[in-house]
Amino acid sequence: MSKRNKEIRDTASVSRFASAIIIGLFLLGIIIAGIAGLFYFTSSQKPLDPDNKAVTKVEILPGESATAIGEKLEANHIIKNSTMFKYYLKFNNISDFKAGKYELSPSMTFEHISKSLQKGEVYLPVLFKISFPEGITLDEIGKIVEKNTSIKAADFTKQIDDPAFVKKMQKKHPKLITKDVFNKEIKHPLEGYLFPATYDFTEKNPTVEQIVDKMLTATQDNAFPLWDKYGGVLINEAGQEKRMSFHEFLTFSSLIEREASGLTDRAKIASVFINRMEENPEMPLQTDPTVLYALGRHKDVTYEQDTKVDDPYNTYQNVGLPPGPIAASGTESMESALNPAKTDYLYFLADKNGKNYFAKTLEEHNANKAKYIGF
């Protein structure tokens, strides 16, 4: 091989090697750019500010394009990059947004925003659930909160009993919370005002205020309309009919809730209380749950000595309704308070299985005691 041919071959080898390096670097650059782009695209889908729940009102116009919507969201500081939002919609084949006014926040992801615009409502994922059964007291609510969150029961109760907190809630729910809750004889101002239900939260760790506010809203949505629509008649001490206040309605419903098991019994128990107040304004309601509430503890059996406790909630020692609710009522008890059965019953008792027996006279009632309770 001539010297010239060897030089040509060496030059070609160097050229191929250099080309391979250049191509390799180019491909590496593409890979790096792709990874960076994917990372940027993925990160752009995350909330602009996860901790900022403040909402901004944004109006989406009929037929508005994804580009225009994205730019509007970026301008209102709800998302970081409108172009990435447009690509997200395109890649996920998301369209058909509903025109309207929305309240959106920088804590929302692309997914949550797009679902809101498609549904025509604000969509946020449920991150926490908590349930409160019917007939529960505030102290028991506090224990459930402690079991399911980092909030201590004592701290929960302390905050919701704080007059400043109650007044704050009163400003948010003026129709619901009246001056009645500030009666000095009331143990817990918001007792009976927190609706028993299962609640969804978009926060992993809701605050006491968030929990209470949502429960008050549920009472306003479920209990207040019942009272407002049907009213209800309560017999006062003068034997005259009057419309129950909302506070009296919740109080009356709570007595039924703590005494009854079945819907039919609820209506009959309501009639017993009504009949007692109508028959003789001086005749106490004599319902055991009020004694236990006065004592501040649960007991399987209420003894005669218990009924002598000196407390405004004790309906053995005081006539009429107690100062306030003794528990959170369900809608069945509320409806029974508004629509009591038509009976002549003045007495009732429950056997060990919870079955109720009603009587028109004290003699019949005593006979039921001997037969079903044993004394």
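Here, every reference points to the structure presented above.
Since we're looking at a predicted model, the values are computed, not measured.

Draft legend 1. The arrangement of the overall build of the protein in detail. For the protein, the count of helices and strands is 13 helices and eight strands. Burial statistics for the protein: of 375 residues in total, 42% are counted as buried. Of the contacts formed within the protein by residues at least 6 apart in sequence, a portion of 60% connects residues at least 24 apart. Total accessible area on the protein is roughly 21000 Å²; 52% of this is exposed by carbon and sulfur atoms.

Draft legend 2. Region of interest: the packing of helix H9 (residues 246-259) against helix H12 (residues 331-338). One way to put it is that H9 packs onto H12 with a least axis distance of 8 Å and a crossing angle of 115°. Our classification of the angle between H9 and H12 gives roughly perpendicular. The two elements H9 and H12 cross, and the hand of that crossing is right-handed. In contact with Phe249, Leu250, Phe252, Ser253, Ile256 and Glu257 of H9, H12 contributes Ser333, Met334, Ser336, Ala337 and Leu338.

Draft legend 3. Expanded view of the pattern of salt bridges. The full count for this structure, using the stated rule, is eight salt bridges. As a salt-bridge pair, Lys168 and Glu209 come within 2.9 Å of each other at their nearest N and O atoms. Here Lys168 is found in helix H7 (residues 163-172), whereas its partner Glu209 is found in helix H8 (residues 208-230), with 41 residues between them in sequence. Residues participating in the shared-partner salt-bridge network are Glu257, Arg266 and Glu332.

Draft legend 4. A look at the side chain of Thr219. Summarising the element assignment, Thr219 is placed in helix H8. With a relative accessible area of 1%, Thr219 lands in the buried category.

Draft legend 5. Representation of the nonpolar core within the structure. If you look at the biggest cluster of nonpolar residues, it comprises 60 residues, and the most contacted ones within it are Phe132, Ile141, Ile177, Val212, Phe246 and Phe249. Counting residues per element, this core draws most heavily on H8, which supplies ten residues. The residues contacting Phe132, other than those within four sequence positions of it, are Ile141, Ile144, Val145, Pro196, Ala197, Tyr199, Ile211 and Met215. One finds Ile79, Met84, Phe85 and Tyr88 within the second-largest nonpolar core, a separate group that totals 18 residues.

Draft legend 6. Local environment of the pairing of strand E3 (residues 128-131). Only one face of E3 is buried, namely the one carrying Phe128 and Ile130, since none of Lys129 and Ser131 on the opposite face is buried. Pairing analysis gives four bridges linking E3 to strand E4 (residues 198-201), with the strands arranged antiparallel. Bridge pairing links Lys129 to Asp200 in E4.

Draft legend 7. Main features of unusual backbone geometry. Unusually for a residue other than glycine, His77 sits at a positive phi of about 60°. Along the chain, the position of His77 falls in the loop between helix H2 (66-75) and helix H3 (82-91). Even without glycine at this site, Gln286 takes up a positive phi of about 50°. Within the secondary structure, Gln286 is located in the loop between helix H10 (263-279) and helix H11 (288-295).

Draft legend 8. Helix H6 (residues 153-161), seen in detail. When we look at burial in H6, the residues that qualify are Ala153, Phe156, Thr157 and Ile160. One side of H6 carries all its buried residues, which in axial view fall inside an arc of 95°. For H6, exposure combined with an orientation more than 90 degrees from the buried face picks out Ala154 and Lys158. In this structure, the buried side of H6 is in contact with helix H5 (138-148), H7 and H8.

What counts and what doesn't
- Residues numbered from 1 in each chain as written.
- Predicted model: local features only at pLDDT ≥ 70, side-chain atom pairs only at ≥ 80, totals over all residues.
- Heavy atoms only, no water.
- Helix = DSSP H or I, 4+ residues; strand = E, 2+ residues; numbered from the N terminus.
- Buried < 20%, exposed > 50% of the residue type's maximum accessible area, 1.4 Å probe, protein only.
- Contact = heavy atoms within 4.5 Å.
- Areas by Shrake-Rupley, 256 points an atom, 1.4 Å probe, with all protein chains shown as cover.
- Axes fitted to C-alpha atoms, helices over the stretch in contact; angles between N-to-C directions.
- Parallel < 35°, antiparallel > 145°, perpendicular 65-115°, else oblique.
- Left-handed = near helix turned anticlockwise from the far one by under 90°.
- Salt bridge = Lys/Arg side-chain N within 4 Å of Asp/Glu carboxyl O.
- Core = buried A, V, L, I, M, F, W, Y, C linked by side-chain atoms within 4.5 Å.
- Pairing = 2+ DSSP bridges.
- Arc of directions from axis to C-beta.

The values are spatial; any link to function lies outside them.
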